Amino acid sequence: MGEKTFQVRDVLGALQQITGGRVITTAEHAFAAGSPFVVLKTSHIPGKAVMETPGLVCGDPRREVRKLAVSMTLTESQIELAGGTGVDVIVVHHPVADAASCGGVPLRGYLSLYNLAVFEVHEAFHGLHPGIALIHGHRPFRVEIAYGGLSGNVLFVGHPLPEIKKARDILDRLESFSDLAGEKNFLRLEQDHRGCPELTETGVAVAPEILNGSGEDPVGTVLHFFPHTGFTPDHLRSAKKEHPEITTAIVSISRVKKDHPLVGTARALGLTLLAGNSHALEILENGIPLALALQALLPGVEVVLFRERVTAVPLGKIGSKAMRDFAGEMADRHLLKK
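Keep in mind the model is a prediction, meaning the values are calculated, not measured.

Enquirer: Just checking my understanding: could you explain the environment of Glu 80 for this structure?
Expert: Examined against the element boundaries, Glu 80 turns out to sit in helix H3 (residues 76-85). Here the alpha-carbon distance between Glu 80 and Cys 102, two residues 22 residues apart in the chain, equals 9.8 Å. Not counting residues up to four positions away in its chain, the partners in contact with Glu 80 are Tyr 110 and Tyr 114. A distance of 2.8 Å separates polar atoms of two side chains, one belonging to Glu 80 and the other to Tyr 114.

Enquirer: Help me understand helix H11 (residues 282-297), please; the structure alone is not making it clear to me.
Expert: Note on helix geometry: an α-helix contains 3.6 residues per turn, so any two residues three or four positions apart are oriented the same way. Taking 1.5 Å of rise per residue, 16 residues should cover 22 Å, and H11 covers 22 Å from first to last C-alpha, within 8% of that figure. At Ile 288, H11 is deflected by roughly 30°, the largest bend along its length, and proline Pro 289 occurs up to four residues later in sequence. Buried residues of H11: Glu 282, Ile 283, Glu 285, Asn 286, Gly 287, Leu 290, Ala 291 and Leu 294, and no others.

Enquirer: Looking at this model, I keep getting lost on the pattern of salt bridges. Mind explaining?
Expert: Where side chains of opposite charge bring their charged atoms close, a pairing between them can arise. Considering all chains together, one arrives at 20 salt bridges under this definition. With a closest N to O distance of 3.6 Å, Asp 332 and Lys 337 form a salt bridge. A relative accessible area of 35% means that Asp 332 is categorised as partly exposed. When its relative accessible area of 53% is taken as the criterion, Lys 337 is described as exposed. Because the salt bridges share partners, they merge into one network encompassing Lys 166, Arg 168, Asp 169 and Glu 216.

Enquirer: Just checking my understanding: could you explain the sheet that holds strand E8 (residues 117-120) for this structure?
Expert: Whenever strands of a sheet pair, they do so through backbone hydrogen bonds, lying parallel or antiparallel. Read across the open sheet, the 5 strands follow the order E4-E8-E7-E6-E16; overall the sheet is mixed. Each of the sheet's edge strands pairs with one partner strand only, and the pair in question is strand E4 (55-58) and strand E16 (302-306). Looking at each pair of strands side by side, their axes are set apart by 25° on average, direction ignored. As defined by bridge partners, strand E6 (residues 67-71) adjoins E16 across 5 bridges and the pair is classed as parallel. Bridging across to E16, Leu 68 finds its partner in Val 303. In the packing of H3 onto the sheet, contacts are made with E6, strand E7 (89-92) and E16, and the angle to E16 comes to roughly 150°.

Enquirer: Teacher, can you tell me more about a nonpolar patch on the surface here?
Expert: Nonpolar side chains collect at one region of the surface, where Ile 288, Leu 292 and Leu 305 lie side by side and expose about 240 Å² of accessible area between them. Residue placement: Ile 288 occurs in helix H11. Classification of Ile 288 by relative accessible area gives partly exposed; the value is 35%.

Enquirer: Would you take a moment to explain the packing of helix H9 (residues 233-242) against helix H10 (residues 261-268) for this structure?
Expert: The description of two helices packed together rests on the angle between their axes and the distance between the axes. It is the contact of H9 with H10, at a shortest axis distance of 9 Å, that shows an interaxial angle of 25°. Of the possible angle classes, the one that applies to H9 and H10 is roughly parallel. Two packed elements cross with a definite hand, and for H9 against H10 that hand is right-handed. Residues Pro 233, Leu 236 and Arg 237 of H9 lie in contact with H10, whose contacting residues are Pro 261, Leu 262, Thr 265 and Ala 266. When the residues that make up the contact of H9 with H10 are grouped by side-chain class, the tally is 5 nonpolar, 1 polar and 1 charged.

Enquirer: Where do I start with the pairing of strand E13 (residues 221-225) in this structure?
Expert: Looking along a regular strand, one sees side chains alternate from face to face of the sheet. With 5 of its 5 residues buried, E13 lies for the most part within the structure. On E13, burial covers both faces: Thr 221, Leu 223 and Phe 225 on one face and Val 222 and His 224 on the other are all buried. Bridge analysis of E13 against strand E14 (residues 246-253) gives 5 bridges, and the strand direction is parallel. Each bridged residue has a counterpart across the sheet, and for Phe 225 the counterpart in E14 is Val 251.

Enquirer: Would you mind going over unusual backbone geometry with me for this structure?
Expert: What you tend to see is this: most non-glycine residues have negative phi, and most peptide bonds are trans. One non-glycine residue with positive phi stands out, namely Ala 99, at about 70°. Summarising the element assignment, Ala 99 is placed in the loop between E7 and helix H4 (107-113). Residue His 122 is not a glycine yet carries a positive backbone phi of 30°. Position of His 122 among the secondary structure elements: in the loop between E8 and helix H5 (131-135). Owing to a relative accessible area of 11%, His 122 belongs among the buried residues under this scheme.

Enquirer: I tried to follow the nonpolar core on my own but got confused; where do I start?
Expert: Soluble globular proteins tend to pack their nonpolar side chains together in the buried interior. Counting 24 residues, the largest nonpolar core has Val 11, Leu 15, Leu 68, Val 89, Val 91 and Leu 294 as the members making the most contacts within it. Of all the secondary structure elements, the ones that give two or more residues to this core are helix H1 (8-19), E6, E7, E8 and H11. Among the elements that line this core, the one with the most residues is H1, at 5 residues. Dropping the residues within four chain positions of it, Val 91 is found in contact with Val 11, Leu 15, Leu 68, Ala 69, Val 70, Ser 71, Phe 119, Val 121, Leu 290 and Leu 294.

Enquirer: What am I meant to see in the sheet that holds strand E9 (residues 138-144) here?
Expert: Reading across the sheet, the 6 strands line up as E9-E10-E13-E14-E15-E12 and stay open at both edges, with mixed pairing between neighbours. Each end of this open sheet is capped by a strand with a single partner; those strands are E9 and strand E12 (209-212). On average, each strand axis in the sheet is tilted by 30° relative to the strand beside it, whichever way the strands run. Direction of pairing for E14 relative to strand E15 (residues 272-278): parallel, over a ladder of 5 bridges. Of the residues in E15, the one forming a bridge with Thr 248 is Thr 272. Sheet strands in contact with H9 are E9, strand E10 (155-160), E13 and E14, and its direction is about 155° off that of E13.

Reading guide: rules and limits
- Residues numbered from 1 in each chain as written.
- Predicted model: local features only at pLDDT ≥ 70, side-chain atom pairs only at ≥ 80, totals over all residues.
- Heavy atoms only, no water.
- Helix = DSSP H or I, 4+ residues; strand = E, 2+ residues; numbered from the N terminus.
- Contact = heavy atoms within 4.5 Å.
- Polar contact = N/O pair within 3.5 Å; in protein donor to acceptor, adjacent residues only side chain to side chain.
- Expected span 1.5 Å × (residues − 1).
- Bend = angle between axes of the 7 residues up to and from the residue.
- Buried < 20%, exposed > 50% of the residue type's maximum accessible area, 1.4 Å probe, protein only.
- Salt bridge = Lys/Arg side-chain N within 4 Å of Asp/Glu carboxyl O.
- Pairing = 2+ DSSP bridges.
- Axes fitted to C-alpha atoms, helices over the stretch in contact; angles between N-to-C directions.
- Patch = residues over 30% accessible without salt bridge, like charges linked within 9 Å, V, L, I, M, F, W, Y side chains within 5 Å.
- Areas by Shrake-Rupley, 256 points an atom, 1.4 Å probe, with all protein chains shown as cover.
- Parallel < 35°, antiparallel > 145°, perpendicular 65-115°, else oblique.
- Left-handed = near helix turned anticlockwise from the far one by under 90°.
- Nonpolar A, V, L, I, M, F, W, Y, C, P; charged D, E, K, R; others polar.
- Core = buried A, V, L, I, M, F, W, Y, C linked by side-chain atoms within 4.5 Å.

What follows is the structure, encoded as structure tokens:
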């Protein structure tokens, strides 16, 4: 008797189990039921809003699944990687949208070229495990996924782990979990190989740091939040009022500059403020747990992670000489001379 085979709809069932029923079966059902995880995200820039629909976004529910990829944000590069490596399904954390997630074209036509199905989870996945907090050195006793009534405004309040005594212990823990030393070594190898010491990479460029206070500051109750979700200085003041015992604050996924009002507010409240892991590492923090859970529920399906590595290269050193010469001709003859 052979191994059990799985279909795309079985991936949906697995995500239902993992999220406790938060994903949806059809968009029509979600709108009728008023799911709190179907959320319109908008900055009120005309035409740029996107509706999150956690569940199957595109694909044939009956198609067999042999290989599945977990990703943070769908891009055309990932679609091409999936097509070239035999992936049948991509489970994406962030919401997916026509054009934005697929090289400027409608999703369905592009994905169908490679017989790909795509799922998204985002808000339906938030708050399901304390991993991001634990990686940052604390165990949450309070978790909010819509703090202040703002959907997606995630907040943790936690007690430091026994080994976390000072602020620098958090930085050391983060560097160990993300293998920052290894990433720096790999970057140096690439710089040497390309003869480009100016080349930089996200994980190294935005390493954990202290924004207010010092590495010797003792760590007490921890407030952990994510600035890009809409967390404001007023939220920070409210959280401190609700938990006067908070001594340490952490921003992660996104971060702020040292002149940001959140840093000034932390200073005024007497809080040590640290910047933890950036969004580029969420594929490790949230992606690996999700991938392992899917692998356990879909035995026999090969599961991989799509991790994007973004580098910055000086214009004069990008690509081959032939490509640079070609691009110069295109710019000079076609873009600059009309």
